[in-house]
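Observations on chain architecture
Chain residues, written in single-letter form:
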Protein chains: 2
Amino acid sequence: MARVTLKDVARRAGVTTATVSYALSGKRPISEATKQRVMEAIAELDYVPDLNARGLSMRDSKLIGVVVPQTEPGERLMFQNSFYSEVLGSIEYYARQQGYHILISATDANESYLTLAKQRNLDGIIVIGMYPDEFYQQMKKTQIPIVLIDSYCNDHYYHNIRIDDAYGSYLATRYMLECGHTRIAFFAGQMKENGVMKKRLLGYQQALEEFHVPYQREYVFEGQIDYTSGIALADRLMDQGLPATGVVAAADILAIGAAKGFFERGKRVPEDYSLIGFDDVEIAQYLTPGLTTIRQQISLKGQKAVELLLKHIEDPSLPKQEEILPLQLVVRGSVKKLNG
Amino acid sequence: MARVTLKDVARRAGVTTATVSYALSGKRPISEATKQRVMEAIAELDYVPDLNARGLSMRDSKLIGVVVPQTEPGERLMFQNSFYSEVLGSIEYYARQQGYHILISATDANESYLTLAKQRNLDGIIVIGMYPDEFYQQMKKTQIPIVLIDSYCNDHYYHNIRIDDAYGSYLATRYMLECGHTRIAFFAGQMKENGVMKKRLLGYQQALEEFHVPYQREYVFEGQIDYTSGIALADRLMDQGLPATGVVAAADILAIGAAKGFFERGKRVPEDYSLIGFDDVEIAQYLTPGLTTIRQQISLKGQKAVELLLKHIEDPSLPKQEEILPLQLVVRGSVKKLNG
DNA sequence: AGATATTATTTAATCGGTTAAATTATTCAC
DNA sequence: GTGAATAATTTAACCGATTAAATAATATCT
């Protein structure tokens, strides 16, 4: 079954390819009669335009690139965690609604992504997460519209969709404090300067200060953002014999790992340790007990990113925007009330 | 920054575009000297070939389509569940290694995917899950190489990567029985004729039979494959006052939901109900208690699918293959030993 | 009816590559 | 040094679309 092309349609309708093209795009007037015949031919031949060919002359691709951090080629390969999966799903959904497809590429954010952008003529790119400065510099040069998600890159060139990370962990920590906890540990991923984790630490500190609880460095534990790291941090906390009664985790994944770490050593949540997460990934509500956490509307992030990107693609003069999405404390069963 | 094309490179190297093309592809002999100059020009101009244009003449796209079941456009949009995410991640990884990109499209598996395949000139397609017969009929007509994952479609036209689902739940149920359970409920997703869920039910029945435990219809609960359905099924089981001591779930997701359902009504796993899952998704090991389950090597599925697909793309005469990947019981803490 | 304006359609170039066939340059044998 | 064989390069057509410019067909006006 060979490909059906414009030429085939044209022949069948007794016109020229130009006529078919115009009939389809409406960029030139075409008489009702011919339009009719063209449409019939299209239906009869089951013609579908080739987007590559079209892209070649129109200089677009209807393709949106999505950059997510590279996963280690370990035993399990996946879109790193449920947070990414959810954003990706959302991006795919909204992009598709508008006739775009997404090209996901897990990457080290090195030159390779730039190559992809050129190879495939991407119409736009959504970058999830934080990368080295160099990466942003290079991306900028491509002139391709870009929207960042969850980045504190301060280059005014980029659109940005994010949350107020400091405020989120402030909310989390405050809730812990309100429940009567004062010896509260903080579990975080790698804290890079000006990164998401650093901001979340800031919120933790702010809440402590507000409640006149002195900030103590040894209550802060730094690891990676994955389950095993959560376990490891819990282990370290217990090993050090720190008299903490609660843990504020900078990500649900860390919290879940921590709960597991406690469990393995006979400690229970929330009886022995109270626990609060961040993100409200889907699984959080199905844990036992349910994970109290800070909800961010993950799929809204994807939606907003797509909307903004497409708006920019249509209107390249669109001024750079930063959108900060709302957060919300979700109380479930992982924090014990020490008071009332 | 306008696009750098072959023509630019050719001009710079003082040759023709054909020469550059041949120098790059090696399909015709080109003198070392010119090859040298061409490579220099490419480096200096930072030239990257346009895959669309190339695809247009070569009639390929270096694009692999991946079909996953459509997610409802509900509040949370995602790649349905962690199982899909993991397969997708794996597919993306291995495809990229070979210079292919993947085009994921959540779809109802209706005509729309066929359109995509034509529009984008997909080199091959990987279809995850089970779809209506009609879908397979249509896909066949495209002549595009296709590999199915987890399908019992018996059309000999397709390659197939799957597991022995019946054997998996047989293993699960047998373990339950070996632990001394006899009143064992079975939680499943929608059971379509010749579908994965139906096969898994079969394995459950086989194990019961082997242990001379009579199969009772009211011990089988059917829902959807998602967390909330797991909760709902647990509720139904408890509502009916069924004296079950264990539950074999046909998917980890269902098991996790079930554990939550029990928990909400004061019942504990494994004290009150033993629980065994199926898949061994990443989260299974981090639950409290860890979920005993049947492990399938999820990312191996993706890897095999990619390998097989690319092999077929290279050699269209490749005879259709069916590969059945191994399963393995993973004992963690969610099943209580009633005996010894 | 003839000149003019308007509408519909076609011609032909183009997008960025590949490639069969033709041409030019080089090597080799005698 | 000449002719034949071989190697290197170029010419030009093509992939499947779009589109500016040219042309043909139709409508409008006096």
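Whatever comes next refers back to the structure up there.
Read on for an overview of the structure. Just so you know, these numbers come straight off a predicted model, no measurement behind them.

Things to note about the protein's contact with DNA strand D
Near DNA strand D there are 28 residues, and of these Leu6, Ser21 and Asp50 of chain A together with Thr19 and Arg59 of chain B occur at the shortest range. Among atoms of DNA strand D positioned within 4 Å of the protein, sugar and phosphate together represent 70%. Take tyrosine 47 of chain A: an N or O atom from its side chain is 3.0 Å from a phosphate oxygen of DNA strand D. Taking serine 57 of chain A, its side chain carries an N or O atom lying 3.0 Å from a sugar or linking oxygen of DNA strand D.

Things to note about the sheet that holds strand 8 (residues 246–249) of chain A
Hydrogen bonds between backbone groups are what pair the strands of a sheet, and the pairing can be parallel or antiparallel. Residue and element names in this part refer to chain A. Overall, parallel pairing links the 4 strands, which are arranged 7-6-8-9 in an open sheet. Edge positions in the sheet fall to strand 7 (220–222) and strand 9 (274–276), since each of these pairs with one other strand and no more. The mean angle between the axes of side-by-side strands here comes to 20°, regardless of whether they run parallel or antiparallel. Relative to strand 7, strand 6 (residues 184–188) is paired through 3 bridges, and the arrangement is parallel. The partner of alanine 188 across the bridge, within strand 7, is glutamate 222. Together, strand 6, strand 8 and strand 9 form the strand contacts of helix 11 (residues 252–264), whose direction differs from that of strand 9 by roughly 160°.

Digging into unusual backbone geometry
Cis rather than trans, the peptide bond between threonine 288 of chain A and proline 289 of chain A has omega equal to -5°. Phi is positive for arginine 59 of chain A, close to 55°, though the residue is something other than glycine.

So, the interface of chain B and chain A
On the chain A side, the residues contacting the 62 residues of chain B number 62 residues. Carbon and sulfur atoms make up 56% of the area that chain B and chain A hide from each other, which totals about 6200 Å². Linking chain B to chain A there are 2 salt bridges. Here lysine 118 of chain B makes a salt bridge to aspartate 46 of chain A, at a shortest N to O gap of 3.4 Å. Breaking the side of chain B that touches chain A down by element, the ones donating at least two residues are helix 4 (51–58), helix 5 (82–97), strand 2 (101–107), helix 6 (111–119), helix 7 (133–142), helix 10 (227–239) and helix 11 (252–264) of chain B. Of all the elements, helix 5 of chain B adds the most residues to the side of chain B that touches chain A, at 9 residues.

A closer look at the protein's contact with DNA strand C
Near DNA strand C, the surroundings consist of 31 residues, among which Thr19 and Arg59 of chain A together with Leu6, Ser21 and Arg54 of chain B are the closest. Sugar and phosphate atoms constitute 68% of the interface atoms of DNA strand C, taking the interface as everything within 4 Å of the protein. Interatomic distance of 3.0 Å between a backbone N/O atom of threonine 16 of chain A and a phosphate oxygen of DNA strand C. The contact in question runs from a phosphate oxygen of DNA strand C to an N or O atom on the side chain of threonine 34 of chain A, over 2.8 Å. Within the residue set of the surface near DNA strand C, elements represented by two or more residues are helix 2 (17–25) and helix 4 (51–58) of chain A together with helix 1 (6–13), helix 2 (17–25) and helix 4 of chain B.

Some points on the relation of the copies chain B and chain A
For the pair chain B and chain A, the best superposition has an RMSD of 0.0 Å and corresponds to a rotation of 180° with a translation of 0.0 Å parallel to the axis. Accordingly, the operation relating the two chain copies is best matched by a two-fold axis. Most of the interface of chain B is mirrored in chain A, where 100% of its interface residues again form contacts.

Considering the packing of helix 10 (residues 227–239) of chain A against helix 11 of chain A
Residues and elements named next belong to chain A. Between helix 10 and helix 11, whose axes approach to 6 Å, the crossing angle comes to 50°. The orientation of helix 10 relative to helix 11 falls into the category oblique. Here helix 10 and helix 11 pass one another in a crossing that is right-handed. From helix 10, Tyr227, Ser229, Gly230, Ile231, Leu233, Ala234, Leu237 and Met238 reach across to helix 11, where they touch Ile253, Leu254, Ile256, Gly257, Ala258, Lys260, Gly261 and Phe262.

Topic: the sheet that holds strand 6 (residues 184–188) of chain B
All names here are of chain B. The 4 strands are arranged 7-6-8-9 in an open sheet whose pairing can be described as parallel. At either end of the open sheet lies a strand with only one pairing partner, and these are strand 7 (220–222) and strand 9 (274–276). With direction set aside, neighbouring strand axes in the sheet form an average angle of 20°. Packed on one face of the sheet, helix 11 meets strand 6, strand 8 (246–249) and strand 9 and runs near 160° to strand 9.

Let's talk about the packing of aromatic side chains
All names here are of chain A. Applying the stated criterion to the full structure yields 24 aromatic pairs over all chains. Relative to tyrosine 94, the ring of tyrosine 93 lies with its centre 5.0 Å away and its plane at 90°, an arrangement referred to as edge-to-face. By way of ring pairs, the aromatic residues Tyr131, Phe135, Tyr136, Tyr157 and Tyr158 are connected into one cluster. If you follow lysine 320 out to its NZ or CZ, it ends over the ring of tyrosine 157, 5.6 Å from the centre.

Observations concerning the pattern of salt bridges
Counted according to the given criterion, the structure contains 38 salt bridges over all chains. Here glutamate 264 of chain A makes a salt bridge to lysine 260 of chain A, at a shortest N to O gap of 3.1 Å. In this pair, glutamate 264 of chain A and lysine 260 of chain A both sit in helix 11, 4 residues apart, roughly one turn of the helix. The shortest N-O distance in the salt bridge between glutamate 323 of chain B and lysine 304 of chain B comes to 3.2 Å. Remark: lysine 304 of chain B occurs in helix 12 (residues 298–314) and glutamate 323 of chain B occurs in strand 11 (residues 322–325); sequence separation between them is 19 residues.

Section: the packing of helix 1 of chain B against helix 3 (residues 32–45) of chain B
Residues and elements named next belong to chain B. In contact at an axis separation of 9 Å, helix 1 and helix 3 are set at 125° when each is read in the N-to-C sense. Classified by the interaxial angle, the pair formed by helix 1 and helix 3 is oblique. Regarding helix 1 and helix 3, the two cross each other, and that crossing is right-handed. Contacts between helix 1 and helix 3 pair Asp8, Val9, Arg12 and Ala13 from the former with Arg37, Val38, Ala41, Ile42, Glu44 and Leu45 from the latter. Tallied by class, the residues present in the contact of helix 1 with helix 3 amount to 6 nonpolar, no polar and 4 charged.

Parameters at a glance
Residues numbered from 1 in each chain as written. Chains lettered and ligands numbered in written order. Predicted model: local features only at pLDDT ≥ 70, side-chain atom pairs only at ≥ 80, totals over all residues. Heavy atoms only, no water. Near = heavy atom within 4 Å. Polar contact = N/O pair within 3.5 Å; in protein donor to acceptor, adjacent residues only side chain to side chain. Pairing = 2+ DSSP bridges. Helix = DSSP H or I, 4+ residues; strand = E, 2+ residues; numbered from the N terminus. Axes fitted to C-alpha atoms, helices over the stretch in contact; angles between N-to-C directions. Contact = heavy atoms within 4.5 Å. Buried area = accessible area lost by both parts, 1.4 Å probe. Salt bridge = Lys/Arg side-chain N within 4 Å of Asp/Glu carboxyl O. Least-squares fit on C-alpha atoms with pLDDT ≥ 70 in both. Parallel < 35°, antiparallel > 145°, perpendicular 65-115°, else oblique. Left-handed = near helix turned anticlockwise from the far one by under 90°. Phe/Tyr/Trp six-rings, centres within 6.5 Å; stacked < 30°, edge-to-face > 60°. Lys NZ or Arg CZ within 6 Å of the ring centre and 35° of its normal. Nonpolar A, V, L, I, M, F, W, Y, C, P; charged D, E, K, R; others polar.

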